[in-house]
Amino acid sequence: MKKSLLSAAIALTLSANYAVADNHGGLMFEPGKDTRFHWASYEALKSSNLKGQTVSVFGPWMGSEKEHFENVIKYFEEATGAKVEYAGSDSFEQQIVIDAQAGSAPNIAIFPQPGLAADLASKGFLAPLDSNVEAAIKSDYAAGQSWVDLATFDNQNGQKDLYGVFYRADLKSLVWYSPDNFEDAGYALPQSMEELKALTQEIVADGGTPWCIGLGSGAATGWPATDWVEDMMLRLYPASVYDQWVANDLKFNDPKVVAAIEEFGWFSRNDAYVDGGSAAVAATDFRDSPKGLFASPPKCYMHRQASFIPAFFPDGVEVGLDADFFYFPSYESKDLGNPVLGAGTLATITNDSKGARAFIDFLRSPIAHELWMAQTGFLSAHAQVNPDLYVTETARKQGEILRYATTFRFDGSDLMPGKIGAGSFWTGMVDYSGGKSAQEVGDSIQKTWDALK
């Protein structure tokens, strides 16, 4: 549910009316002309002579996203002489398994999230990448070790290898607000979780309501609260603890997890802190929840949600003018840096070849990121890209959050077994919002997980 929302709305959030001329043999930007691009990484491609070779690529991008990606691919073809055949499908996750098992996998498979890639790696269907690629990711990506960790899986022998390069990221650790409302009330943007809590209390003292929170989502009701808990886990503990929790090596009813749920409750279970009181949290649809930011007088001042949420703002609300965002801050007292929760697409080799290796190298180069950034609908965690190439100020600011992240982790519930991450975790958070204790909720979710084993 959450992955589809992000992928469906990210392009709308980041897009602007923007067009470039196609006058350079099918290339959108003439190589070497616009000095904002890292053309050196394009020129380096020319050392790979791949004339006569075809690289097949299969991924989830369709429609305008497919068009944007194919515009990037043209530069690889022009520089290397290879032909790249891209196919996109909304049934990617089912089809790639079928193709891998049948021995007909493409050279490159681009996964919407790493869970399925890890499963295929453990069965020998992915080709590991070499140590040079690992070193480059650590060096070139913001929070580089995180991106290596997220693409490192067990092979058939239970040994760990690096299997992919992340290309395109999505961002969740955001708080949305109305700049006009903040200015009118004299509120400053918080720089730490301690300051965010102090601001919450200040707004109440001034007679306002700090937060709009809604968990409603039909059959998926509860998922917005899981994002809160995931963000809190990353802010209370090192990333290694988060990874243990996602794998259930750290149990759901462990005091650490219970404390993270209670941190969400600090915001959501105080009637004075939430529009409509705490009883309204589970009953309010997540799509309607942010509308309180734009009421007059405001029904709330802040709303924590991912980068897609402007798709559900009222008509006429302009991001950057009527609405803006800030990073969901970390605890200054914990000294854990700037952790970010999000998602991203992972490029892997499913049918090895010289061309496939070169294409992976291309996707981890600055130019491959910049060429999509300049078209809209793309966020990059690559630390070497030029942020001036983002088409909108919204995208540039979100890109800066990724750029200065010290830790990046995927949505934990998306990586958990379906009966947990899209089942008891969702319903457990609804129960918590309804009054059950965090310990009771943790015990119940862990009981479900134990039954799976």
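For every chain, the first residue of its written sequence is number 1, and the numbers climb from 1 along that sequence. Only residues with pLDDT of at least 70 get local features here, since the model is predicted, and only at 80 or more are side-chain atom pairs given and counted; chain-wide, interface and lining totals rely on the full set of residues. Calculation of side-chain values draws on the structure's entire complement of heavy atoms; hydrogens and water are dropped beforehand.

**Student:** Can you explain helix H11 (residues 239-246)? Please cite residues and give values.
**Tutor:** Under the scheme applied here, a residue whose accessible area is under 20% of the maximum for its type counts as buried, over 50% as exposed, and between as partly exposed, the area being computed with a 1.4 Å probe on protein chains only. Numbering of helices and strands starts at the N terminus; helices are DSSP runs of H or I of at least 4 residues and strands are runs of E of at least 2. Taken together, the buried positions of H11 are Ala 239, Val 241, Tyr 242, Trp 245 and Val 246. One side of H11 holds all its buried residues, which, seen down the axis, span an arc of 155 degrees. Asn 248 lies just past H11 and shows a positive phi near 65 degrees. Working definition: the arc comes from the directions between the helix axis and the C-beta atoms, pointing outward to the latter.

**Student:** For the environment of Phe 182, give the residues involved together with the corresponding values.
**Tutor:** Examined against the element boundaries, Phe 182 turns out to sit in helix H8 (residues 179-185). It is 9.7 Å that separates the C-alpha atoms of Phe 182 and Met 302, two residues lying 120 residues apart in sequence. Contact definition: two residues touch when any of their heavy atoms are within 4.5 Å. Those residues in contact with Phe 182, other than ones at most four positions away along the chain, are Tyr 177, Tyr 187, Ala 188, Leu 189, Leu 199, Tyr 301 and Met 302.

**Student:** Which residues make up the layout of surface pockets, and what are the values?
**Tutor:** Throughout, the protein atoms alone are placed on a 1 Å grid, and a set of points is a cavity if a 1.4 Å probe fits but cannot get out or a pocket if it is open with protein on both sides within 12 Å along at least five of seven lines; lining residues have an atom within 4 Å of a point. Grid points are joined across faces, edges and corners, and a volume is the space filled by probe spheres set on the points. Of the volumes computed, that of the largest pocket is approximately 590 Å³. Taken together, 18 residues form the lining of the largest pocket, with Asp 149, Leu 150, Thr 152, Phe 153 and Leu 415 sitting closest to its centre. For the lining of the largest pocket, a count of residues per class yields 11 nonpolar, two polar and five charged. Domain delimitation follows an automatic or database domain assignment. In this structure, the lining of the largest pocket is formed jointly by two domains, domain 1 (2-171 + 344-409) and domain 2 (174-338 + 417-452), each of which donates at least three residues. Residues are grouped as follows: nonpolar covers Ala, Val, Leu, Ile, Met, Phe, Trp, Tyr, Cys and Pro; charged covers Asp, Glu, Lys and Arg; every other residue, Gly included, is treated as polar.

**Student:** Before we move on, could you go through the domain arrangement of the protein and cite the residues and values that matter?
**Tutor:** Along its sequence, the protein is organised into domain 1 (2-171 + 344-409) and domain 2 (174-338 + 417-452). Centre-to-centre separation of domain 1 and domain 2, based on C-alpha positions: 30 Å. The interface of domain 1 with domain 2 comprises 17 residues on the first partner and 23 residues on the second. A quick way to say it: buried area is the sum, across both parts, of accessible area lost when two parts are put together, with a 1.4 Å probe. Surface buried jointly by domain 1 and domain 2 totals about 1700 Å² across both partners, of which 63% is contributed by carbon and sulfur atoms.

**Student:** Let's hear about helix H14 (residues 366-373): which residues, and what values?
**Tutor:** Most of H14 is tucked away: eight of the eight residues are buried. Buried residues of H14: Pro 366, Ile 367, Ala 368, His 369, Glu 370, Leu 371, Trp 372 and Met 373, and no others.

**Student:** Run through the packing of aromatic side chains, naming residues and quoting values.
**Tutor:** The pairing test for Phe, Tyr and Trp rings, Trp by its six-membered ring, is centres within 6.5 Å, and the orientation test on the planes gives stacked under 30 degrees, edge-to-face over 60, and tilted for anything in between. Following the criterion strictly, the structure yields 52 aromatic pairs and no others. Ring centres 5.6 Å apart and planes at 80 degrees place the aromatic pair Tyr 187 and Tyr 301 in the edge-to-face group. Taken as a pair, Tyr 187 in the loop between H8 and helix H9 (193-205) and Tyr 301 in the loop between helix H12 (255-268) and strand E8 (303-304) lie far apart in primary sequence, 114 residues in all. The burial state of Tyr 187 is the same as that of Tyr 301; both residues are buried. Their ring planes at 70 degrees and their centres at 5.6 Å tell us that Tyr 242 and Trp 245 sit as a pair that is edge-to-face. Of this pair, Tyr 242 and Trp 245 both sit in helix H11, three residues apart, which is roughly one turn of the helix. Trp 245 matches Tyr 242 in its accessibility class, with the two residues each being buried. Site record: aromatic cluster; members linked through ring pairs are Trp 61, Phe 69, Phe 76, Tyr 86, Tyr 167, Phe 359, Phe 362, Trp 372 and Phe 378. In this analysis the charged atom, NZ for Lys or CZ for Arg, is taken to sit over a ring once it is within 6 Å of the ring centre and within 35 degrees of the ring normal. A cation over a ring is seen here: Arg 269 above Tyr 432, with NZ or CZ 4.1 Å from the ring centre.

**Student:** Could you give an account of the environment of Ala 311, naming the residues involved and the relevant values?
**Tutor:** Along the polypeptide, Ala 311 turns up in the loop between E8 and strand E9 (324-327). In the structure, Ala 311 is positioned 24 residues away from Arg 287 in sequence and 8.8 Å away in space, judged by C-alpha atoms.

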